[in-house]
2 protein chains.
Amino acid sequence: MAKHYLDLSLLFHALADPTRRSILTRLAETPARVTDLAGPTGLRLPTVMRHLSVLEEAGLITTSKDGRIRTCAIVPEALDPVRTWLDEQRAIWEARLDRLDAFVMNVMKESKE
Amino acid sequence: MAKHYLDLSLLFHALADPTRRSILTRLAETPARVTDLAGPTGLRLPTVMRHLSVLEEAGLITTSKDGRIRTCAIVPEALDPVRTWLDEQRAIWEARLDRLDAFVMNVMKESKE
DNA sequence: GCGATAGTTAGCGATATGGCTAAGCATTAT
DNA sequence: ATAATGCTTAGCCATATCGCTAACTATCGC
């Protein structure tokens, strides 16, 4: 069905840029043309293009070209691997409540410095 | 209570590296010394140090030094902003079910190429 | 004190990132 | 047919990233 899960590193990297996150949020409203996306960012077209290709390679958006217009749209399931990873981590992290003890110990040690 | 939320960009960037994610997973088991963390990675100490400082600046871990030993521990709440952002996005993305129509239209257009 | 251990700092090299301009190409409008 | 529009490509610049080695500092064990 999909191979959007490409790679967590690609996903996280794509999400690490505020411009790209704003593009995603903008695309969440409705699909848009490249020029439409460039407008709000204040960036030049080639720069936006690069961001779009990063997003596309991460599987976060799809684009299609009709005539001279390229339309971009989000791929909602693309965030699933991120969510899954977060859930896994939370499970592990919370499972170790005694981690708190170690944390407190560290804080105590730190206060000795 | 905390100011760990520093910045989504810092968080995503920190999570974008597989070595750093593996360090986090390792730390989820139990706090560890720098050398302990370096072992499994196969990387040199200074390299690991750099990863640790990225993680610490993102608020994902805390470290404290006792004698010559630095102990690292995860900061579980640090992932909260990421989770919050994901939840927000999912809410927006799913709210626009008609996005599906647009997506289908794009696919149809694409198939014309 | 002396050596081993744990971490740190400084700095190098290769590559990636994020911005730009300039120029090109394809499509649409006149 | 020509001009305007929308995107794309090529390439430049500055900075950041990720790995390393070498050398330094600070403990700890004896």
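Our structure's up above, just so we're on the same page.
Note that the coordinates shown come from a computational prediction; the quantities given were computed from them, not determined experimentally.

Before going further, it helps to spend a moment on the pattern of salt bridges. Applying the stated criterion to the full structure yields four salt bridges over all chains. Residue Arg-33 of chain A is joined to Asp-36 of chain A by a salt bridge in which the shortest nitrogen-to-oxygen separation is 3.2 Å. Owing to a relative accessible area of 30%, Asp-36 of chain A belongs among the partly exposed residues under this scheme. Here Arg-83 of chain A and Asp-87 of chain B are joined by a salt bridge, their closest N and O atoms 3.0 Å apart. Residue Arg-83 of chain A is found in helix 5 (residues 80-95), and its partner Asp-87 of chain B is found in helix 5 (residues 80-95); the two belong to separate chains. We classify Arg-83 of chain A as buried; its relative accessible area is 13%.

With that settled, consider the protein's contact with DNA strand D. Near DNA strand D, the surroundings consist of 20 residues, among which Thr-35, Met-49, Arg-68 and Arg-70 of chain A together with His-51 of chain B are the closest. Take the atoms of DNA strand D that sit within 4 Å of the protein: sugar and phosphate atoms are 76% of them. Note that a phosphate oxygen of DNA strand D is positioned 3.0 Å from one of the side-chain N or O atoms of Arg-33 of chain A. Arg-68 of chain A places a side-chain nitrogen or oxygen 2.4 Å from a base oxygen of DNA strand D. Sorting the residues of the surface near DNA strand D by element identifies helix 3 (34-41), helix 4 (45-57) and strand 3 (69-74) of chain A together with helix 4 (45-57) of chain B as the ones contributing at least two each.

Another aspect to go through is the packing of aromatic side chains. For the coordinates displayed, the defined rule picks out three aromatic pairs over all chains. Seen from their ring centres, Phe-12 of chain A and Phe-12 of chain B are 6.1 Å apart, and the 40° between their planes marks the pair as tilted. Taken together, the residues Phe-12 of chain A in helix 1 (residues 8-15) and Phe-12 of chain B in helix 1 (residues 8-15) connect one chain to another. Take Phe-12 of chain A and Phe-12 of chain B: they sit in the same class, and that class is buried. Ring geometry for Phe-12 of chain B and Trp-85 of chain B: centres 5.6 Å apart, planes at 80°, overall edge-to-face. With a gap of 73 residues between them, Phe-12 of chain B in helix 1 and Trp-85 of chain B in helix 5 connect regions that are remote in the sequence. Using a relative accessible area of 6% as the deciding quantity, one classes Trp-85 of chain B as buried. Linked through ring pairs, Phe-12 and Trp-85 of chain A together with Phe-12 and Trp-85 of chain B together constitute an aromatic cluster.

Our focus in this paragraph is the pairing of strand 2 (residues 61-66) of chain B. All names here are of chain B. Here six bridges tie strand 2 to strand 3 (residues 69-74), and the two strands are oriented antiparallel to one another. Residue pairing across strands places Thr-63 opposite Cys-72, the latter belonging to strand 3. Taking the residues that link successive antiparallel strands as the turn, the strand 2-strand 3 hairpin has two residues, and the phi of Gly-67 there is positive, at about 65°.

Every one of the 20 residues lining DNA strand C counts as a neighbour, but His-51 of chain A together with Thr-35, Met-49, Arg-68 and Arg-70 of chain B are closest to it. Contacts to DNA strand C include Arg-68 of chain B, whose side-chain N or O atom sits 2.5 Å from a base oxygen. Where the surface near DNA strand C is concerned, the elements lending two or more residues are helix 4 of chain A together with helix 3 (34-41), helix 4 and strand 3 of chain B. Residue classes in the surface near DNA strand C are distributed as seven nonpolar, five polar and eight charged.

Scoring rules and cut-offs
- Residues numbered from 1 in each chain as written.
- Chains lettered and ligands numbered in written order.
- Predicted model: local features only at pLDDT ≥ 70, side-chain atom pairs only at ≥ 80, totals over all residues.
- Heavy atoms only, no water.
- Salt bridge = Lys/Arg side-chain N within 4 Å of Asp/Glu carboxyl O.
- Buried < 20%, exposed > 50% of the residue type's maximum accessible area, 1.4 Å probe, protein only.
- Helix = DSSP H or I, 4+ residues; strand = E, 2+ residues; numbered from the N terminus.
- Near = heavy atom within 4 Å.
- Polar contact = N/O pair within 3.5 Å; in protein donor to acceptor, adjacent residues only side chain to side chain.
- Phe/Tyr/Trp six-rings, centres within 6.5 Å; stacked < 30°, edge-to-face > 60°.
- Pairing = 2+ DSSP bridges.
- Nonpolar A, V, L, I, M, F, W, Y, C, P; charged D, E, K, R; others polar.

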